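Survey of secondary and tertiary structure
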Amino acid sequence: MIHPPEPVAAQTALVPFGLPFFDHPVGGIPSGGVMLLHGEPAAARAVASLAFIESRLVGGVGALVVSSSSPADWPRLPGSGRKPAEHEAILFAQIPATGLTPVAAHTAWTEILPMIRQTRPGRLILFPALAWFEFVPETAVALYAVRFIAALNSLGCETLLTFPAPRSPRARHLLSILSGLCPTVASLQPGSSPGTVRWTTEHLLHHRARPTAELDLATFTEIRAVEAAASTPPAPPVAAAPVPAAVAAPVPPPPVVIPEHVVTFSHSVDKKPIRIHFSSLMGMAGNRLPTDAKPGRSTPS
């Protein structure tokens, strides 16, 4: 009996991140995938995010930055030295710095997703990603993160999630979950001298190399390569705490009012209403959504 050949997995298409020390040995990052960049200082995460954008601008591909910071507060693009707010191919979507509720998050995505559909950016940055998880109950955060990453993977652009150094058990737990879900993970920490930052590649699904280097903070150019202690396998992710068998009945959430303007865009684009797949994620956080509130039908959980 002749057996058919085993199917061969298609090779992952790669695109440059925008940093030569990283792109040259590993070929870049998976096209259309999600990358996690965590650590300090915040300025280093911002410059790395701009390098991530700038590498595609030269090819005429735009970018969308979703951030709680004003566009004017961002540093200059490390390559050209231009202010990103002045670049016509970079669109900023500013969200509230604190207090993002499930309904406000749903409203924000209702505004952001049409922008993505119409402008079709090649790169999306969530700075920081933590804002989209602060309202999620601890018992639901793992499933929420899985669906959140899956939703980002469906957008058709490369997404960079930035995450500050965790300062609480909840933040460390979330960082561990996201690290296990993203095919590319890197961390930042202050370098050995002032004005430098150390980049450590922690996880790559498509390559065994782990590029590590000390970089100039202002331009993110390589000062020196650092021997990666990457031959050792990465530490296994921290297991989620078990959920007690008996859980108290949830307290119904108080009535909420949808903010009329959750997102402020750096320049206007003709927006059209669109039904989005992020709505089920917001329902998981324990709030009924206005667009999901149909008679005789409960909110997805």
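Residues numbered from 1 in each chain as written. Predicted model: local features only at pLDDT ≥ 70, side-chain atom pairs only at ≥ 80, totals over all residues. Heavy atoms only, no water.

Focus on the overall build of the protein chain
Looking only at helices and strands, the protein chain features 6 helices and 12 strands. For the protein chain, contacts bridging at least 24 residues in sequence account for 68% of all contacts bridging at least 6. In the form shown here, the protein chain has an accessible surface area of approximately 15300 Å², with 60% of it arising from carbon and sulfur atoms. (Helix = DSSP H or I, 4+ residues; strand = E, 2+ residues; numbered from the N terminus. Contact = heavy atoms within 4.5 Å. Areas by Shrake-Rupley, 256 points an atom, 1.4 Å probe, with all protein chains shown as cover.)

Comments concerning the nonpolar core
One recurring pattern in soluble globular proteins is that nonpolar side chains are buried together. Judged by nonpolar contacts, the single largest core of 44 residues is most densely connected at Ile-112, Trp-132 and Leu-152. Sorting elements by how many residues they give to this core places helix 3 (residues 102–119) first, with 8 residues. Each residue touching Ile-112, except ones within four places of it in the same chain, is listed here: Leu-64, Val-66, Ala-93, Trp-132, Val-263 and Phe-265. Of all hydrophobic cores here, the second largest spans 35 residues; its members include Val-26, Trp-74, Ile-125 and Trp-199. (Core = buried A, V, L, I, M, F, W, Y, C linked by side-chain atoms within 4.5 Å. Buried < 20%, exposed > 50% of the residue type's maximum accessible area, 1.4 Å probe, protein only.)

Let's talk about the side chain of Thr-162
Assignment of secondary structure puts Thr-162 in strand 7 (residues 158–163). Beyond its immediate sequence surroundings of up to four residues, Thr-162 is in contact with Leu-37, Arg-45, Ser-49, Leu-126, Phe-127, Pro-128, Ala-129 and Leu-130.

Some thoughts on the packing of helix 4 (residues 141–153) against helix 5 (residues 169–181)
Relative placement of two packed helices is described by the angle separating their axes and the distance separating the axes. One can describe the packing of helix 4 onto helix 5 by two numbers: an axis separation of 10 Å at closest approach and a directional angle of 40°. The crossing of helix 4 and helix 5 is right-handed. Across from Val-141, Ala-142, Ala-145, Val-146 and Ile-149 in helix 4, the residues of helix 5 making contact are His-173, Leu-174, Ile-177, Leu-178 and Leu-181. Of the residues in the contact of helix 4 with helix 5, the class split is 9 nonpolar, 1 polar and no charged. (Axes fitted to C-alpha atoms, helices over the stretch in contact; angles between N-to-C directions. Left-handed = near helix turned anticlockwise from the far one by under 90°. Nonpolar A, V, L, I, M, F, W, Y, C, P; charged D, E, K, R; others polar.)

Some points on unusual backbone geometry
Among all residues except glycine, the phi angle is most often negative; among peptide bonds, the trans geometry is most common. Here the bond from Glu-40 into Pro-41 is cis, since omega is 0°, no more than 30 degrees from zero. Residue position: Pro-41 is located in the loop between strand 3 (34–39) and helix 2 (42–57). The linkage connecting Phe-127 with the following residue, Pro-128, adopts the cis geometry, with an omega of -5°. Within the element layout of this structure, Pro-128 appears in the loop between strand 6 (123–127) and helix 4. Even without a glycine there, the phi angle at Arg-120 is positive, about 45°. Looking at the secondary structure, you find Arg-120 in the loop between helix 3 and strand 6.

With respect to the pattern of salt bridges
With the rule as written, the count across this model stands at 7 salt bridges. One salt bridge in this structure joins Glu-40 and Arg-167, with 3.8 Å as the shortest N-O distance. With Glu-40 in the loop between strand 3 and helix 2 and Arg-167 in the loop between strand 7 and helix 5, this residue pair connects regions lying 127 residues apart in the sequence. Judged by relative accessible area, Arg-167 falls into the exposed class, the value being 67%. Glu-158 is the partner of Arg-56 in a salt bridge, and the nearest nitrogen-oxygen pair spans 2.7 Å. In this pair, Arg-56 sits in helix 2 while Glu-158 sits in strand 7, placing the two residues 102 residues apart along the sequence. What emerges from the salt-bridge pattern is a single network uniting Glu-40, Arg-45 and Arg-167. (Salt bridge = Lys/Arg side-chain N within 4 Å of Asp/Glu carboxyl O.)

Section: the packing of aromatic side chains
Evaluation of the coordinates by the stated rule reveals 13 aromatic pairs. Between Phe-135 and Tyr-144, the aromatic rings sit 6.2 Å apart at their centres with planes inclined by 90°, giving edge-to-face as the arrangement. Just as Phe-135 is buried, Tyr-144 falls in that class too. Through a chain of ring-to-ring contacts, three or more aromatic side chains come together here, namely Trp-109, Trp-132, Phe-133, Phe-135, Tyr-144 and Phe-148. The lysine or arginine in question, Arg-123, covers the ring of Phe-52, its NZ or CZ lying 4.3 Å from the ring centre. (Phe/Tyr/Trp six-rings, centres within 6.5 Å; stacked < 30°, edge-to-face > 60°. Lys NZ or Arg CZ within 6 Å of the ring centre and 35° of its normal.)

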